[in-house]
Amino acid sequence: MMRYFLFVSLLVTSMSGFSQDTPCDRSIKGQVIDIDTNEPLPFATVKIVGTSLGAVSNEEGSFLITGICEDEVDLEIRFVGYKTLTHHHDFHHNTPIIYMAADETLLESVVVEQELNAHELKTLEPINIKVDQLASLGTSAGDLFSQSAGVSTLKTGQNIVKPVVHGLHSNRVLIINNGVRHSYQSWGAEHGVEIDASQIDRIQLIKGASTVRYGSDALGGVILVNAPESSFNTKLNGEANVGFQSNGRSLSGEISLNQGFERAAWIATASATKQGDLNAPDYQLTNTGKEEISLTAGAKFHFPIVDLKVYVSHFEQTLGILRGSVSDNLAGLAEAIRSPIPSNTKSFSYEINNPRQETIHDLLKLESALFLGEQQFDFQYALQRNQRKEFDVRRGTNNERPAINLNLMTHTIDIDWDHPSKGLLAGTLGAQFINQNNDNRPGTNTIPFVPNYNTNTLGLFAIESLEKESLTYEAGIRFDLMNMNVRGRDSNNDIYRDNLNYQNFTFTLGLLKEWPNFSIRTNIGTAWRAPNINELYSFGKHQSVFEFGLWRYELFPSNDSISTQNVLTNDDREVESERGLKWIGTINYHSNDWKVEFTPYVNWINNYFFLRPYGITETVRGTFPYFIHDQTDAIYTGLDLNIQKMWNESFSADFKLAYVYAKDRGNDQRFVGIPPLNIQLSLEKRIGNFVFEFYPEFEASQSLTPSVIAPENFESNADLPFDRSGTFDFVDSPDAFLLMNASIKYTKKNLSIKLSGENLLNSRYRRYTDNIRYYADDLGTNVGLAASYVF
């Protein structure tokens, strides 16, 4: 062991020696920004400690220091009325963004750096969101994602929330959690993202087809979630947050600790939330409680040519689902939809009964970066464990058993090489390997809804960009190879097996043109995803409906009947991978007072998977409508608009608009659940230590919907009141609504307090993208009070 240690030590020492003889041609280019307003700070002083080198930021907050000899330096940043910051900088990272905190604020000045060669597509405009920790307490991660134009939410009540990007969700939106492809049971529309919102510091949204860089499933876009990161050269410090919300009487708490040394730093956080039944404007929403616990820890180490990071997290939650959304039979379903008040409505309680979900998500990540001159090698390994239990309302002792009990283990390896620039050409080559093992745990007393399976996926990609003055050309290509081994039981409890292979090439082409106050980005790229396990093999009851995968049913047009007895293969019914082609363009304009971003897009998707109704089934649990998975060709198009106006140093406005148009091209029909036109406005006024914000939201009624057939119209399988090849909805889309929201925030030195109010007029409304809209109104007035203290 000692010999190996000496060998590694000599290797690192010798490689470090190659970089000692460095000419004085280093430079540092960066920007100084107000951490609270995100506005540039002109005339800030940036100095290299121990030297006479330094610079003063210009009107845009930018600075440039040249003639640097050392590989690593300490920067001291000063600005009148702001907290002085000392930052250790090396030249393996570039473009430091320095966020300065005012003397009277509880926030600390921080520096955010990118690696020398950032692994991102330059012709896809990233949307960066800095999360307000006081606003994230007690909320869901899905709600935080929707702060950007073009991103909405798909909900099953207030607790189960997942992002919708340009109309697409679930397996078509890829989530990267702290640099790791987030692995959970994403196939269910009623499955949340299982990330603690209070542990999110920054969100980056990429709306283009990003399969080339991040792998399959990114047809709609990619959401990158980042937790707070430790800082070097920082004395032991921490932050304590506590929050209360009136709707649900929830109480949330979070505490974090951070300490940094010259070459090592660590951070640890813990948070918890307990929420009772929520309420609509006129009644209680029974069984909508929530309980969450989250723990995280991270450390990083910096050496002359090597960076090392380790990160672990544990998140567990119990979520109640509205009791009135469950019906025993078709008549009960019709009554639940007609009733002005959901069935089984009771007084407020913190108790969570069936139906409910219990999930646990664990993550371990090991990351290293090796810097060799102008090239960089990155290696990352991640282990994820995801456990999901779903409890339905069942008879007898089965009510205590989960109807679905799944355990998903995922191993991920990512290797990236940022090769040395060749003239104006720079790029990244990479490889990704993913191993997944998904097993049903025994004891449910039901045939598993999805079978056990193992997948192995290998991806290889290359991205190159050519920068010439104000033009950037970009191209990328990727090859993915996937194997899936399936093991399950059919309706007779007999074992079936299958071995499936998928492969696909994807590409991206992009162009970026920049002027002093103006830029245009355009990108076209392909994306793909193999059929998910539920789209092939789902069988039986899931939540309040029955559904059958493409290989779990047979159609007999001659007598207009269906059979679910046999398990098919690709020889019986060919199922192709979903493939998309997305074009997206972004026009940006910015000046001292204005920021305008306009983003149109078109997404053509072939072999699009979707659920469509087919008939009525009678079981021992009752009579239910059932749905079958099918494929068609689809188109999604729309636009996002974001306008920001800074009227003066204390008053600003932010306007956001998003519109999506979608159509089933194969059947010339509409889809259910496409987000309608949404408009958001934010007006912010600063007076001394106070920040006042008024942020109304308008959502139109969705007019582009399929036909409506009420449940009471269903009589029997032999006389169905709709075309089997089409789709329908149970009710019309909800009316348009306007919500009034406001907040007041007070900050004094290390203390910050925020009072917020949502739906202040207690308006009755329902969202078209909320599955609970069939049974109940959305939330009534909610008043939140949160406080944060830095120590």
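Residues numbered from 1 in each chain as written. Predicted model: local features only at pLDDT ≥ 70, side-chain atom pairs only at ≥ 80, totals over all residues. Heavy atoms only, no water.

Q: Help me out: how do you make sense of the overall build of the chain in this one?
A: Across its full length, the chain holds six helices and 48 strands. Its C-alpha radius of gyration of 27 Å places the chain within 12% of the 28 Å reference for a compact globule of 791 residues. Referenced to the eigenvectors of the C-alpha coordinate spread, the extents of the chain come out at roughly 90 × 55 × 50 Å. A burial count over the chain gives 53% of its 791 residues as buried. In the chain, the share of contacts with a sequence separation of at least 24, taken over all contacts with a separation of at least 6, comes to 65%. Roughly 33900 Å² of accessible area belongs to the chain as shown, and the carbon and sulfur atoms make up 56% of that amount. (Helix = DSSP H or I, 4+ residues; strand = E, 2+ residues; numbered from the N terminus. Rg over C-alpha atoms; globule rule 2.2 N^0.38 Å. Buried < 20%, exposed > 50% of the residue type's maximum accessible area, 1.4 Å probe, protein only. Contact = heavy atoms within 4.5 Å. Areas by Shrake-Rupley, 256 points an atom, 1.4 Å probe, with all protein chains shown as cover.)

Q: Got a minute to help me understand the sheet that holds strand β14 (residues 180-181) in this structure?
A: Within a sheet, neighbouring strands are paired by backbone hydrogen bonds and run either parallel or antiparallel to one another. On the basis of which strands lie adjacent, the open sheet formed by five strands has the order β9-β15-β16-β13-β14 and mixed pairing. Every other strand in the sheet has two partners, leaving β9 (126-130) and β14 as the edge strands with one partner each. (Pairing = 2+ DSSP bridges.)

Q: Would you explain the pairing of strand β10 (residues 151-156) in this entry?
A: Within a regular beta strand, the side chains point alternately toward one face of the sheet and then the other, so they alternate between its two faces. Most of β10 is tucked away: five of the six residues are buried. Relative to strand β11 (residues 160-165), β10 runs antiparallel, the two sharing six bridges. Note that in β11 the partner of Val-151 across the bridge is Val-165. Between β10 and the antiparallel strand that follows it, β11, lie three residues; Gly-157 among them carries a positive phi value of about 80°.

Q: Hey, could you run me through the packing of aromatic side chains in this one?
A: Pairs of aromatic rings are described using the distance from one ring centre to the other and the angle between the two planes. Evaluated as defined, the whole model comprises 19 aromatic pairs. Members of the aromatic cluster, connected to one another through ring pairs, are Tyr-608, Phe-610, Tyr-636 and Phe-671. One cation-aromatic arrangement involves Arg-573 over Tyr-553; the distance from NZ or CZ to the ring centre is 4.4 Å. (Phe/Tyr/Trp six-rings, centres within 6.5 Å; stacked < 30°, edge-to-face > 60°. Lys NZ or Arg CZ within 6 Å of the ring centre and 35° of its normal.)

Q: Teacher, can you tell me more about the side chain of Ser-170 here?
A: Structurally, Ser-170 can be placed in the loop between β12 (168-169) and β13 (173-177). Judged by its relative accessible area of 10%, Ser-170 falls in the buried class. The residues contacting Ser-170, other than those within four sequence positions of it, are Lys-162, Pro-163, Ser-186, Gly-188 and Ala-189.

Q: I'm lost on the pattern of salt bridges in this one. Help?
A: Oppositely charged side chains may form a pair once their charged atoms are brought near each other. Going through the model one piece at a time under the given rule, you end up with 31 salt bridges. One network of salt bridges, with partners in common, ties together Arg-172, Arg-529, Glu-535 and Glu-578. (Salt bridge = Lys/Arg side-chain N within 4 Å of Asp/Glu carboxyl O.)

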